[in-house]
Amino acid sequence: MLKQISRLAKRCQQVLGGKPRQAVGELRRHPARDLGLNEKAISSAAIKVLSRLHQQGYQACLVGGGVRDLLLGRHPKDFDVATDARPEEVREIFRNSRIIGRRFKLVHVRFGREIIEVATFRGSSDNGKGDRHLKGGRLVRDNVYGSIEDDAQRRDFTVNALYYDYASKEVLDFANGLDDLNRRRLCLIGKPEQRYQEDPVRMLRAVRFAAKLGLEMDSSVREPIPKMAGQLADIAPARLFDEMLKLFMAGHAEATWRMLVEHGLFQQLFPQTWASMEQRERHDLLLQALRNTDERIRQGKPVTPGFLAAALLWYPYQDRYQQLLDEGCKPHDAMHEAAEQVITRQVRRLAIPRRFTTMTREIWLLQPRFRHHAGKRAWRLLEHPRFRAAYDFLLLRGLEEEDCAREAAWWTETQQLEGGALKKRLTPPRKRRKPRASTAERDG
Ligand code: ATP
Ligand code: MG
């Protein structure tokens, strides 16, 4: 990463040549080649979309993460296209497309598993006739179209407002994005408070980009966050869940979590977890779960939000369970009740779909069953479809609880056995008959 940035620095030095920072809105054009941006690195699906739009006489640019990440020498997660064609016009050009979103209309063009998101340039001002709505400073709808210059102004960060123009093969920079990328700075376009007010999710995006790209948040980006973080409560829980996936399942979960905590944002997403964390000195289970997620992603292994939620909500689940026991609830009922309550409260803030919360619940409820080392119960546990996930979770618990570490070790050994050896291990020890008293004892 550092090497890539220093390569970019060299190129920027040549291209920008110590020019002063531009006024926002002033356009600077740079041949993409000079910046090391090679069209071959762009997915063929994105190229198809760009070239078809261009052939049809529209302006067609790659924008956002695609350009930013290529300039950093990284592999972009996806490619976003911006154009002056209206959504309906884009829809007409591509048979394999559909218009999505009401708040922000977009076209998704599908090529097998890859989706290219095509957005029409948004205008910066509305004469009142267009489809833009603000409620209490919040942008609840934005379908007012405009020029590419306008479009650049409404994007969130300067490094996200770089365009690759397919026709001229140039990088277009309207907001010092290149300079900021080179300085490894994350800067908002416009007035930070106003931009967060319009869309509080931008606070989460700031942390995400800083953690993922190793950029430093400019003080103007950082400072308003703690006092504005509470505004995330107004965001639709389904949107927050999407953001959660991007925050924790993109290979930088640990770094992102640390920054979310530091900036007072984690507590907004997981208020129950935060309250329980404050009661504890160590959070080994949670941290290790995040590290494991990052490691699995690096190794190309699958990760599931159900497991992550089990780790993220474990502390409040434990606390609630204990409270219910203290109130006189039976352990079995307390477990079910605590799981239900913690999950129900969480999904009101962050809409984790049911298929994931079902897994979360199963992982938790299987935990006490690891105590059974023999007989039908042990076999049933071993054959349970969630055994693996629950066992992985037990390993995490082992970091904080010694008896869980012992249980986990026992199950680690057991899983390595097969056939007769496994059967023997899971067979309950025969009940020994009471030894008859010896003659000597009987006779006193
Ligand atoms: P990545 O795809 O790697 O997560 P990205 O920058 O491409 O990062 P997307 O969510 O794909 O992020 O959005 C594409 C672009 O759309 C962004 O780069 C930014 O220019 C713009 N954008 C997205 N969300 C917002 C927002 N909430 N406010 C302003 N601009 C946004
Ligand atoms: Mg993107």
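Report follows, based on the coordinates. Since this is a predicted model, take the numbers as computed values, not measurements.

Helix and strand counts for the chain stand at 24 helices and 12 strands. Looking at the chain residue by residue over its 444 residues, the buried ones come to 48%. Expressed as a percentage of contacts within the chain between residues at least 6 apart in sequence, the contacts between residues at least 24 apart total 67%. Carbon and sulfur atoms provide 48% of the accessible area of the chain, an area that totals close to 22,800 Å². Within the chain, one finds 80 positive and 58 negative side-chain charges whose respective centroids are separated by 5 Å.

With that settled, the discussion passes to the nonpolar core. The biggest cluster of nonpolar side chains holds 106 residues, and the ones touching the most others in it are Leu53, Phe248, Trp364 and Phe393. At 9 residues, the largest contribution of residues to this core is made by helix 8 (residues 201-213). Each of domain 1 (2-191) and domain 2 (268-426) gives at least three residues to this core. Contact partners of Phe248, with chain neighbours within four places excluded, come to Ala253, Trp257, Leu260, Phe266, Phe270, Leu290, Thr293, Leu308 and Leu312. Within the second largest apolar cluster, 14 residues are counted, among which are Ala390, Cys404, Trp410 and Leu422.

Attention shifts here to the environment of Ala23. Counting through the fold element by element, Ala23 comes out in the loop between helix 1 (2-16) and strand 1 (28-31). Look at Ala23 and you get partly exposed, because its relative accessible area is 47%. Sequence separation between Ala23 and Arg296 is 273 residues, and the spatial gap between their C-alpha atoms is 43 Å.

Protein-derived coordination of the magnesium ion (ligand 2) comes from Asp78 (OD) and Asp80 (OD), at a distance range of 2.2 to 2.5 Å. The class for Asp78 is partly exposed, based on a relative accessible area of 30%.

With that settled, consider the site of ligand 1. Around ligand 1, the structure places 17 residues, and the nearest of them are Arg68, Asp199, Arg202, Arg208 and Lys212. Within the backbone of Gly65, a nitrogen or oxygen atom sits 2.9 Å from an oxygen atom of ligand 1. A distance of 2.9 Å separates an oxygen atom of ligand 1 from a polar atom in the side chain of Arg68. Notes on ligand 1: free accessible area 590 Å², of which the protein chains cover 88%. Residue assignment for the shell around ligand 1 shows that the elements contributing at least two residues are helix 3 (65-71) and helix 8. A per-class count over the shell around ligand 1 returns 1 nonpolar, 3 polar and 13 charged.

Parameters and conventions
Residues numbered from 1 in each chain as written. Chains lettered and ligands numbered in written order. Predicted model: local features only at pLDDT ≥ 70, side-chain atom pairs only at ≥ 80, totals over all residues. Heavy atoms only, no water. Helix = DSSP H or I, 4+ residues; strand = E, 2+ residues; numbered from the N terminus. Buried < 20%, exposed > 50% of the residue type's maximum accessible area, 1.4 Å probe, protein only. Contact = heavy atoms within 4.5 Å. Areas by Shrake-Rupley, 256 points an atom, 1.4 Å probe, with all protein chains shown as cover. Lys, Arg positive; Asp, Glu negative; His and termini not counted. Charge placed at Lys NZ, Arg CZ, Asp CG, Glu CD. Core = buried A, V, L, I, M, F, W, Y, C linked by side-chain atoms within 4.5 Å. Domains from an automatic or database assignment. Donors = N, O, S within 2.8 Å, 3.2 Å for Na, K, Ca; no water. Near = heavy atom within 4 Å. Polar contact = N/O pair within 3.5 Å; in protein donor to acceptor, adjacent residues only side chain to side chain. Nonpolar A, V, L, I, M, F, W, Y, C, P; charged D, E, K, R; others polar.

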